[in-house]
Amino acid sequence: KPRAAVLISGRGSNMMSLIEAASAPDYPVEIAVVISNRPEAHGLARAQACNIPTRTLDHKAHADRAAFDAALHAVLEEEQADFVCLAGFMRLLTAGFVEKWQGRMINIHPALLPSYKGLHTHERALADGVKIHGATVHFVTPEMDVGPIIMQAAVPVLEGDTPDSLGARVLAQEHVIYPAALRLVAEGRARITEGRVAIDEFEIAPPALV
Ligand code: GAR
């Protein structure tokens, strides 16, 4: 099976959804390693509990972004990664690094891109009074949160929602679409063509809106 590296910075709930999906015999990719840029990331212990090898690459121990990204690239080569999944990896990557992995590196973002790029997506969606919010899996390109979209899930914004309640509703959908999107990419069924993603066949029905 091809090998995926999952990059995290914290809790690792999306990482867990990928590990769980990949434990099924018919899943087309193996989670070969989990890499964190923060030694204290809770996700590291969760991965280890699933017998997934982990690596820590502390960004504070590197002189600059280029040095960190060079070290990260070396670890990915050493681990023979075919795909890279950013799962709550809260660090910008240099264009040089991203270009090396283009078409093989995907990210999950807690909003319906191209709305709400960046941080604090749930707070901003609530402040704007939008009625529909969601999550996006996309290929990573050098500019943050603009790469070609592979899969999205929408959720309703409900009366009385807080960033936490809305975020929990979105997160539950993240855990559905991330493994589904990685499957499409690993099987070669989602590819970048002319800056967009061509998808041969959808794996899951989009979740219904309430
Ligand atoms: C997730 O909601 C993910 O979409 C978001 O961080 C959270 C990580 O949670 N990612 C970003 O905001 C990327 N800029 P997790 O560690 O439990 O997967």
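Residues numbered from 1 in each chain as written. Predicted model: local features only at pLDDT ≥ 70, side-chain atom pairs only at ≥ 80, totals over all residues. Heavy atoms only, no water.

Going by the annotation in an unreviewed UniProt entry, the name recorded for the protein is Phosphoribosylglycinamide formyltransferase, with Ancylobacter radicis given as the source organism. Listed under Sequence similarities (unreviewed entry) in UniProt, the entry text for the protein is "Belongs to the GART family." The UniProt entry for the protein carries the following comment under Catalytic activity (unreviewed entry): "N(1)-(5-phospho-beta-D-ribosyl)glycinamide + (6R)-10-formyltetrahydrofolate = N(2)-formyl-N(1)-(5-phospho-beta-D-ribosyl)glycinamide + (6S)-5,6,7,8-tetrahydrofolate + H(+)". (UniProt positions renumbered as here; feature names shortened; annotations may be inferred.)

This structure, assessed with the given rule, holds 0 aromatic pairs. Taking the ring centre of Phe-68 as reference, the NZ or CZ of Arg-91 above it sits at 4.7 Å. (Phe/Tyr/Trp six-rings, centres within 6.5 Å; stacked < 30°, edge-to-face > 60°. Lys NZ or Arg CZ within 6 Å of the ring centre and 35° of its normal.)

With that settled, consider the UniProt feature "domain: Formyl transferase N-terminal" (unreviewed entry) in the protein. Residues given the UniProt feature "domain: Formyl transferase N-terminal" (unreviewed entry) here are residues 3-182. With 37% helix and 23% strand, residues 3-182 has end C-alpha atoms that lie 11 Å from one another. (Helix = DSSP H or I, 4+ residues; strand = E, 2+ residues; numbered from the N terminus.)

Inspection of the region around the ligand gives Arg-11, Gly-12, Ser-13, Asn-14, Gly-88, Met-90, Ile-108, His-109, Pro-110, Leu-171 and Glu-174 as its neighbouring residues. Separating an oxygen atom of the ligand from a backbone N or O atom of Gly-12 is a distance of 2.7 Å. Bound to the protein, the ligand loses 86% of the 450 Å² it would expose on its own. Only α1 (13-22), β5 (105-109) and α6 (163-186) provide two or more residues apiece to the shell around the ligand. Residues belonging to the shell around the ligand are distributed by class as follows: 4 nonpolar, 5 polar and 2 charged. (Near = heavy atom within 4 Å. Polar contact = N/O pair within 3.5 Å; in protein donor to acceptor, adjacent residues only side chain to side chain. Areas by Shrake-Rupley, 256 points an atom, 1.4 Å probe, with all protein chains shown as cover. Nonpolar A, V, L, I, M, F, W, Y, C, P; charged D, E, K, R; others polar.)

Moving on, we get to the packing of helix α5 (residues 121-128) against α6. Viewed as axis vectors pointing N to C, α5 and α6 meet at an angle of 115°, and their least axial separation amounts to 9 Å. Looking at the two axes, α5 sits roughly perpendicular to α6. Between α5 and α6 lies a crossing whose hand is right-handed. Where α5 abuts α6, its residues His-122, Glu-123 and Leu-126 lie against Pro-163, Leu-166, Gly-167 and Val-170. Counted by class, the contact of α5 with α6 contains 4 nonpolar, 2 polar and 1 charged residues. (Axes fitted to C-alpha atoms, helices over the stretch in contact; angles between N-to-C directions. Parallel < 35°, antiparallel > 145°, perpendicular 65-115°, else oblique. Left-handed = near helix turned anticlockwise from the far one by under 90°. Contact = heavy atoms within 4.5 Å.)

Next up on the list: α1. Burial of α1 is extensive: 9 of the 10 residues sit out of reach of the surface. Those residues of α1 lying buried are Ser-13, Asn-14, Met-15, Met-16, Ser-17, Leu-18, Ile-19, Ala-21 and Ala-22. If you follow the buried residues of α1, they end up packed against β1 (3-8), β2 (30-36), α2 (42-49), β4 (83-86), β5 and α6. (Buried < 20%, exposed > 50% of the residue type's maximum accessible area, 1.4 Å probe, protein only.)

Per the UniProt annotation, the sites labelled "binding site: (6R)-10-formyltetrahydrofolate" (unreviewed entry) are Arg-65, Met-90, Arg-91, Leu-92, Leu-93 and Asn-107. Mapped onto the fold, Met-90 is located in the loop between β4 and α4 (95-101). Residues contacting Met-90, with those up to four places away along its chain left out, are Ser-9 and Leu-119. Positionally, Arg-91 belongs in the loop between β4 and α4. In contact with Arg-91, not counting residues within four places along its chain, are Asn-37, His-59, Arg-65 and Phe-68.

Attention now goes to the sheet that holds strand β6 (residues 132-139). What the 7 strands build is an open sheet, ordered β3-β2-β1-β4-β5-β6-β7; its pairing is mixed. At either margin of the open sheet sits one strand with a lone partner, and together these are β3 (54-56) and β7 (149-156). For this sheet, the mean angle separating the axes of adjacent strands, direction not counted, is 20°. The pairing of β6 with β7 spans 7 bridges and is antiparallel. Pairing of Ile-132 across the sheet is with Pro-156, part of β7. Seen against the sheet, α6 touches β2, β4, β5, β6 and β7 and runs at an angle of roughly 155° to β7. (Pairing = 2+ DSSP bridges.)

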